[in-house]
Amino acid sequence: MRWYCLNTNTHGCRRIVVSRGRLRRLLWILLTLSAVGLILWQCAELLMNYYSASVSVTVQFQKLPFPAVTICNINPYKYSAMKEYLSELDKETKKALETFYGFSEGKSKVRRSVDDWNSTGSDFFQQIPLLKVEDFSRTATDLHSGQKRRVEGSVFHKDSSIVNSGDSNDIIGFQLCDANNSSECALYTFSSGVNAIQEWYKLHYMNIMAQIPLETKEKLSYSADDLILTCFFDGLSCDKRHFTRFHHPLHGNCYTFNSGENGTILSTSTGGSEYGLHVVLYIDEADYNPFLVTSTGAKIIVHDQNEYPFIEDIGTEIETAAATSIGMHFTRSRKLSKPYSDCTETGADIPVDNLYNKSYSLQICLHSCFQKAMVESCGCAQYAQPLPAGAEYCNYKKNPNWMYCYYRLHEKFVKEQLGCQQICKDACSFKEWALTTSIAQWPSAVSEDWMLRVLSWDKGQKLNNKKLNKTDLANLMVFYKDLNERFISENPANTLVILLSNFGGQLGLWMSCSVVCVIEIVEVFLIDSLSIVLRRQWQRAKKWWSHRQRGGTGTAQAGDLERQGHHNPVCLDEDLPTFTTALRLPLPQDSPLPRTPPPNYSTLRLETAFSEQLPDTLELGQH
């Protein structure tokens, strides 16, 4: 067994024999026996799996969590309730339309003279003057004063959703100037007067709404009873208790189904339109603001319960007098963070405060970053975004320069000059619902009469035979098309396990090296080397101390030299010395050479085993 251990290629057995010290031998015995035990266990498992001929069948039934669905009326506030706040603005807007295009409500198409307009005065046009710009020139006519002026500063042309098919010379726009420096101005032009007047109206509208308290604005907007007529989920009836209200600056009161605020998130185990969310919305087209919104219907957004609904950015519009079916596919995505990508896990490493109190997203970071820059540059917050701590929304009275500052800042933001796009990062994990929308006419011509009567009865409008109009209603269905959840994740192509496996394969292929071999290398080149260095340092320290005890004089005694160790250049291996190597052992220095003792000649005498000499020997002795 000893010979086998000394001559085998299995490193563990050899180390058991050649290791010095009981502790080392015991450790190598334990390592070797453990390796043998693991090999036997793994081989037994492989043989059992091979001969079992088993198969693996997985059947999984899952329930998908239903997302949060936020619904907003396109018209944020009831126009009848807002008239007292918007009466002056609406009056000036009608005057502008009469002056620009020569028409007004209930009157023939006759242009109003500028002098008649000047006699009434207008603070709105003094704040933001409307101009008619001559094409290919910097000459503009102030539609309030009728005077021509030279346009100084930058000119920005905004694309319009409505293309002007009339005279190309009639370009409408408005001018914004720095209140502290009247020479710093910017002209914003539109190819359509509709877009120019709407943008001009929205600026004054936001200025007015910023001065109204939140509690008042919530009362001016739609309640859940006003917006939601009927509700079903998974075939069961639901009501306003399943909806959570939150106030959006641009869309008024919005309502979120399955928000999860009460700690319960609804789920569905069946796909199809019969098992999703089904609501009928009351739009009330007659109470719409004619200058603020030009379309009728509602906006919805499907999102996770922890995400903020950016309905103004990615909301889906729902048409009135139609049934809108929205089928969903659910996808969860997961990306690796550094060093694989530049995403963030929670947004804690982003130097931007989250103003939305929701989980981090790229949109939240960008909007929060812009709002922070708005407060720092303009001294007030933009109305369409949450209010930072210690700040207030912009208005004419306290911040007469906010509009010019806002447009300048927004221009830098779009051109990525504010640094927000460089600071903000994508989230590493996110959920996404891919939507497929289909629309059908609703109600049908044959069922319109009785459905509107029944819905009018449910709404409580049964007096004087008054019934709802189908243009006031929108039918919405949101459901999973199937329950197949897609999970997209990034995995590192090279991990520590793969790296060690590759190293092990190369060492085993070219050097027949294993884990035990690596442990042996560590023992020899690290532990033994360290022990030799420490032993030398200890001997030097002892020598220095003994020299100091003798007073630092004299030479070393002979006994000290005898006690000092010396290297043996012959025994380079840890194997036990053979007879040949023993003959080559050098003698200690300063010691007499060993001499062979003289032979003891008495030992050379031959002693016979016989008492008498044999006869044949006598004859030989005589001769």
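Residues numbered from 1 in each chain as written. Predicted model: local features only at pLDDT ≥ 70, side-chain atom pairs only at ≥ 80, totals over all residues. Heavy atoms only, no water.

**Q** Describe the confidence of the model for the protein chain, naming the residues involved and giving the relevant values.
**A** Low-confidence regions, as indicated by low pLDDT, have predicted coordinates that should not be scrutinised in detail. Put simply, the protein chain has an average pLDDT of 78, and 74% of its residues get 70 or more. In the predicted structure, residues 106–121 sits below a pLDDT of 50 and forms 33 contacts with residues beyond four places in sequence or in another chain. Residue range residues 160–168 is modelled with pLDDT below 50. Its contacts to residues more than four positions away, or to other chains, number 13 contacts. (pLDDT = per-residue confidence, 0-100. Contact = heavy atoms within 4.5 Å.)

**Q** Explain the state of the cysteines to me, and be specific about the residues and the numbers.
**A** Overall, the coordinates contain seven disulfides when judged by the stated rule. Covalently, cysteine 343 is tied to cysteine 428 through a disulfide, its sulfur atoms 2.0 Å apart. One quick way to see it: the torsion about the S-S bond of cysteine 343 and cysteine 428 is about 95 degrees, and its sign makes the bridge right-handed. Placement of cysteine 343 in the loop between strand E17 (322–334) and helix H11 (362–378) and of cysteine 428 in the loop between helix H13 (420–423) and strand E18 (429–441) is noted, with a sequence separation of 85 residues between them. Taken as a pair, cysteine 343 and cysteine 428 share a single burial class, namely buried. Across the disulfide from cysteine 365 sits cysteine 424; the S-S distance is 2.0 Å. Since a negative S-S torsion denotes a left-handed disulfide, the cysteine 365-cysteine 424 link at about -80 degrees is left-handed. A residue pair is termed long-range when its members are at least 10 positions apart, and cysteine 365 in helix H11 and cysteine 424 in the loop between H13 and E18 qualify at 59 residues. (Disulfide = S-S within 2.5 Å. Helix = DSSP H or I, 4+ residues; strand = E, 2+ residues; numbered from the N terminus. Buried < 20%, exposed > 50% of the residue type's maximum accessible area, 1.4 Å probe, protein only.)

**Q** Tell me about a nonpolar patch on the surface, and please be specific about residues and values.
**A** A grouping of Leu507, Val518, Val522, Leu526 and Ile527 is seen on the molecular surface, where their side chains present a nonpolar patch of about 400 Å² in accessible area. For the nonpolar patch, the leading source of residues is helix H16 (residues 515–549), giving four residues. Looking at the secondary structure, you find valine 522 in helix H16. A residue is classified by how much of its surface remains accessible, and valine 522, at 39% relative accessible area, is partly exposed. (Patch = residues over 30% accessible without salt bridge, like charges linked within 9 Å, V, L, I, M, F, W, Y side chains within 5 Å. Areas by Shrake-Rupley, 256 points an atom, 1.4 Å probe, with all protein chains shown as cover. Salt bridge = Lys/Arg side-chain N within 4 Å of Asp/Glu carboxyl O.)

**Q** How would you sum up the pattern of salt bridges? Please name residues and give values.
**A** For the structure on display, the rule yields 17 salt bridges. A salt bridge links aspartate 239 to arginine 241; the nearest nitrogen and oxygen atoms lie 2.8 Å apart. Taking relative accessible area as the criterion, aspartate 239 reaches 27% and is therefore assigned partly exposed. With a closest N to O distance of 3.8 Å, lysine 470 and glutamate 448 form a salt bridge. You can see lysine 470 sitting in the loop between helix H14 (448–459) and strand E19 (473–480) and its partner glutamate 448 sitting in helix H14, a full 22 residues away along the chain. With a relative accessible area of 22%, lysine 470 lands in the partly exposed category. Judged by its relative accessible area of 23%, glutamate 448 is partly exposed.

**Q** I'd like a rundown of the packing of helix H4 (residues 79–101) against helix H7 (residues 193–209), residues and numbers included.
**A** Two quantities define a packed helix pair, namely the angle between the axes and the distance from one axis to the other. Interaxial distance between H4 and H7 falls to 11 Å at its minimum, and their mutual angle equals 155 degrees. By the criterion of interaxial angle, the relationship of H4 to H7 is roughly antiparallel. Every pair of crossing elements has a handedness; the one defined by H4 and H7 is right-handed. Between H4, through Met82, Tyr85, Leu86, Leu89, Asp90, Glu92, Thr93, Leu97, Phe100 and Tyr101, and H7, the contact on the second element is made entirely by Gly193, Ile197, Trp200, Tyr201, His204, Tyr205, Ile208 and Met209. For the contact of H4 with H7, a count of residues per class yields 13 nonpolar, three polar and two charged. (Axes fitted to C-alpha atoms, helices over the stretch in contact; angles between N-to-C directions. Parallel < 35°, antiparallel > 145°, perpendicular 65-115°, else oblique. Left-handed = near helix turned anticlockwise from the far one by under 90°. Nonpolar A, V, L, I, M, F, W, Y, C, P; charged D, E, K, R; others polar.)

**Q** Could you give me a rundown of the side chain of aspartate 472, with the residues and numbers involved?
**A** Relative to the helices and strands, aspartate 472 is located in the loop between H14 and E19. Within the local environment of aspartate 472, its side chain forms a polar contact with the backbone nitrogen of glutamate 285, the two atoms lying 3.0 Å apart. (Polar contact = N/O pair within 3.5 Å; in protein donor to acceptor, adjacent residues only side chain to side chain.)

**Q** Account for unusual backbone geometry, with residues named and values stated.
**A** Residue lysine 338 is joined to proline 339 through a cis peptide bond whose omega torsion reads 5 degrees. Following the sequence through the fold, proline 339 ends up in the loop between E17 and H11. Cis peptide bonds are those with omega within 30 degrees of zero, and the linkage from tryptophan 442 to proline 443 qualifies with -15 degrees. One non-glycine residue with positive phi stands out, namely aspartate 284, at about 60 degrees. The phi angle at asparagine 357 is positive, at roughly 55 degrees, despite the residue not being glycine. By the secondary structure assignment, asparagine 357 is in the loop between E17 and H11. The exposure class of asparagine 357 is exposed, given its relative accessible area of 72%.

**Q** Mind laying out the sheet that holds strand E12 (residues 252–257), listing which residues take part and the relevant values?
**A** Whether parallel or antiparallel, the strands of a sheet pair through hydrogen bonds between backbone atoms. Pairing is antiparallel in the open sheet, where five strands are placed in the order E11-E12-E2-E15-E16. Each having just a single partner strand, strand E11 (243–248) and strand E16 (316–318) make up the two edges of the open sheet. Strand after strand, the sheet turns through a mean of 30 degrees between neighbouring axes, direction not considered. With four bridges joining them, strand E2 (residues 68–73) and E12 adopt antiparallel strand pairing. Paired with valine 69 across the two strands is phenylalanine 257, which belongs to E12. (Pairing = 2+ DSSP bridges.)

**Q** Hey, could you go over the environment of glutamine 385 for me, with residue numbers and the actual values?
**A** The residue glutamine 385 is located in the loop between H11 and helix H12 (402–414) in this model. If we ignore the near neighbours within four places in the chain, the residues touching glutamine 385 are Tyr356, His367, Phe370, Gln371 and Tyr393. A polar atom in the side chain of glutamine 385 sits 3.2 Å from the side chain of histidine 367.

**Q** A description of the environment of glutamate 448 should follow, citing residues and the corresponding values.
**A** Between the C-alpha atoms of glutamate 448 and asparagine 469, which are 21 residues apart in sequence, the distance is 9.5 Å. Those residues in contact with glutamate 448, other than ones at most four positions away along the chain, are Pro443 and Lys470.

**Q** Could you give an account of the nonpolar core, with specific residues and numbers?
**A** Core analysis: the largest hydrophobic core is formed by 91 residues, its most contacted members being Phe66, Ile71, Phe174, Leu277, Leu281, Trp402 and Val478. For this core, the element with the most residues is H7, which contributes nine residues. Judged by nonpolar contacts, the second largest core, of 12 residues, contains Leu229, Val280, Ala323 and Leu473. (Core = buried A, V, L, I, M, F, W, Y, C linked by side-chain atoms within 4.5 Å.)

**Q** Tell me about H4, and name the residues and values.
**A** Helix length check: H4, at 23 residues, gives a terminal C-alpha distance of 24 Å against a target of 33 Å (1.5 Å per residue), a shortfall beyond 12%. A maximum bend of about 80 degrees is found in H4 at leucine 86. (Expected span 1.5 Å × (residues − 1). Bend = angle between axes of the 7 residues up to and from the residue.)

**Q** Give me the lowdown on H16, citing residues and values where you can.
**A** The terminal C-alpha atoms of H16 lie 49 Å apart, and with 35 residues this matches the ideal 51 Å at 1.5 Å per residue to within 8%. A maximum bend of about 30 degrees is found in H16 at glutamate 523.

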